[in-house]
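# Close look at the chain arrangement
Given next are the chains, with one letter for each unit.
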Amino acid sequence: MEQQETDLRAAFVRTVEEQVGKGIYVWGGNGERLDELSDPIAWIERHEQSATDAKRAVSLYETRREAGEPEIRAFDCSGLIYWALKKLGVQKSDVNSRGLYALCRPLNEDEIKAGDLVFHHDGTRIVHVGVCAGEQQIECKGRDDGVVKNKRKKGYWNRFGRLDALDRRPEAFVYVKGGSVRVRKGPGTDAKCLGVAHRGETFPLLGVEQNGWYRIARDGREAFITGRARYTEVRHG
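This report concerns the structure included in the present document. Computed from a predicted model, the values in this text were never measured in an experiment.

To continue, consider the packing of helix α2 (residues 40-47) against helix α3 (residues 51-66). The N-to-C vectors of α2 and α3 enclose an angle of 150°; their axes lie 9 Å apart at closest approach. Regarding the angle of α2 to α3, the classification is roughly antiparallel. Of the two elements, α2 crosses α3, and the hand of that crossing is right-handed. Between α2 and α3, the contacting residues are P40, I41, I44 and E45 on the first element and A54, A57, V58, Y61 and E62 on the second. Partitioned by chemical class, the residues of the contact of α2 with α3 number seven nonpolar, no polar and two charged.

Here it is, written out as C-alpha cells:
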C-alpha cells in the first residue's frame, strides 16, 4: 500500500500548492470562498484586527478579482494548513500554528521532506507555519502577498515537524471493480475528467459526498469517482 500512503502526503502538498497566487490572507480565515459571499469586503473588514490590515487584505482581494481569478479563498497561516488537512480528512477541528506544532513529531531541518510543516518561533512562541515543498515552502505570508511559494529562508524557519497522520495507512480505500471508470475534478458527471481508473486500482477514501460520489486521493491530488456499486466499492484495512 506504499503508493496510497505516498498519495495522501502528495495530495496535501498539491492541495496547498493550488492556492498559490489565489488565496489571500485574512485574520482567522479558514478557506472561506470570498467570491461566493454577498459582500466579501464587509466580511474581510469584520474579521481583520484593524482598519489598516483590512485595507491591505481588501486591496489584494480586488487585485485577484480584477485579474479574473474565479475562486478566491481567505486564510491565515494556520488556516491554510487546517483547510487542506480537513479536505483530506486528516484534521477535523480548527487549530492554530502552536496547535499544529503540538500535533507534529519534531524534526531537524535536514530530516524534513515534502509535506512536513515548517514553523517560525520568535523566541517566545510559535507564530507562523508553512508547508515544506522540497527546498521551498508554501505559506500564507501576509496581507500584501497571500499564499506564496518561495525558497525556504534559512534561520527564519527554525522549528520543523511531521504530521504522521499523512503517512498512516488510510482506514478505507475505493476499489475499482467494473472496467474503466472516469476520475473527475468534482462529484458529478459534469465535472472535468482528470483521467481513467482501471479495474483493480485502489485509492485512499477521503470522504463521501451527499450525492454518493467518493472523494479520493489520486496522483497526489484530490479527485472524485462514482460510488455506484457496479463500478466501485469501499474496502477497509
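Taken as a whole and judged by the stated rule, the model has 21 salt bridges. A salt bridge links R143 to E48; its shortest N-O distance comes to 2.8 Å. Of this pair, R143 sits in the loop between β7 (136-140) and β8 (147-151) while E48 sits in the loop between α2 and α3, and the two are 95 residues apart along the sequence. The class of R143 is buried, set by a relative accessible area of 10%. Taking relative accessible area as the criterion, E48 reaches 8% and is therefore assigned buried. Residue D53 pairs with R143 through a salt bridge whose shortest N-O separation is 3.8 Å. One end of the pair, D53, is in helix α3; the other, R143, is in the loop between β7 and β8, with 90 residues separating them in the sequence. Just as D53 is buried, R143 falls in that class too. Put simply, R33, D35, E36, E71 and R73 are held in one network by salt bridges that share partners.

Next up on the list: the nonpolar core. Buried together is how nonpolar side chains tend to be arranged in soluble globular proteins. Formed by 29 residues in total, the largest nonpolar core has its most connected members in F12, I81, L100 and L117. When residues of this core are traced back to their parent elements, those giving at least two are α1 (2-17), α4 (77-87), β5 (117-121), β6 (126-133) and β7. Here the element with the most residues in this core is α4; it accounts for six residues. L100 has contacts with S78, I81, L85, V95, L117, F119 and V129, leaving out every residue within four places of it along the chain. Residues I24, L34, Y61 and A74 belong to the second largest nonpolar core, which totals 11 residues.

Take α4 next. In an α-helix, one turn spans 3.6 residues; hence positions three or four apart end up facing the same way. Counting buried positions along α4 yields nine of 11 residues, so the element is predominantly enclosed. Regarding α4, the residues found buried are C77, S78, G79, L80, I81, Y82, W83, A84 and L85. Note on α4: the residue one or two positions beyond its end, G89, has a positive phi of about 75°.

With antiparallel pairing, six strands are arranged side by side in an open sheet as β4-β9-β5-β6-β7-β8. In this open sheet, the two strands that pair with only one neighbour each are β4 (105-107) and β8. Neighbour-to-neighbour, the strand axes of this sheet turn through a mean angle of 35°, independent of strand direction. Sheet topology note: the β6/β7 ladder contains three bridges and is antiparallel. Bridge assignment links V131 to a residue of β7, and that residue is I138. Relative to the sheet, α4 contacts β5, β6, β7 and β8, its axis offset from that of β6 by approximately 45°.

Read across the sheet, three strands follow the order β1-β3-β2 without closing on themselves; strand pairing throughout is mixed. Every other strand in the sheet has two partners, leaving β1 (24-25) and β2 (30-33) as the edge strands with one partner each. Pairing geometry for β2 and strand β3 (residues 73-75), over three bridges, is antiparallel. Counted as the bridge partner of R33 is R73 from β3. Across the sheet, α4 touches β1, β2 and β3, and the angle it forms with β3 is around 120°.

Calculation criteria
- Residues numbered from 1 in each chain as written.
- Predicted model: local features only at pLDDT ≥ 70, side-chain atom pairs only at ≥ 80, totals over all residues.
- Heavy atoms only, no water.
- Axes fitted to C-alpha atoms, helices over the stretch in contact; angles between N-to-C directions.
- Helix = DSSP H or I, 4+ residues; strand = E, 2+ residues; numbered from the N terminus.
- Parallel < 35°, antiparallel > 145°, perpendicular 65-115°, else oblique.
- Left-handed = near helix turned anticlockwise from the far one by under 90°.
- Contact = heavy atoms within 4.5 Å.
- Nonpolar A, V, L, I, M, F, W, Y, C, P; charged D, E, K, R; others polar.
- Salt bridge = Lys/Arg side-chain N within 4 Å of Asp/Glu carboxyl O.
- Buried < 20%, exposed > 50% of the residue type's maximum accessible area, 1.4 Å probe, protein only.
- Core = buried A, V, L, I, M, F, W, Y, C linked by side-chain atoms within 4.5 Å.
- Pairing = 2+ DSSP bridges.

That is the geometry; function is a separate question.
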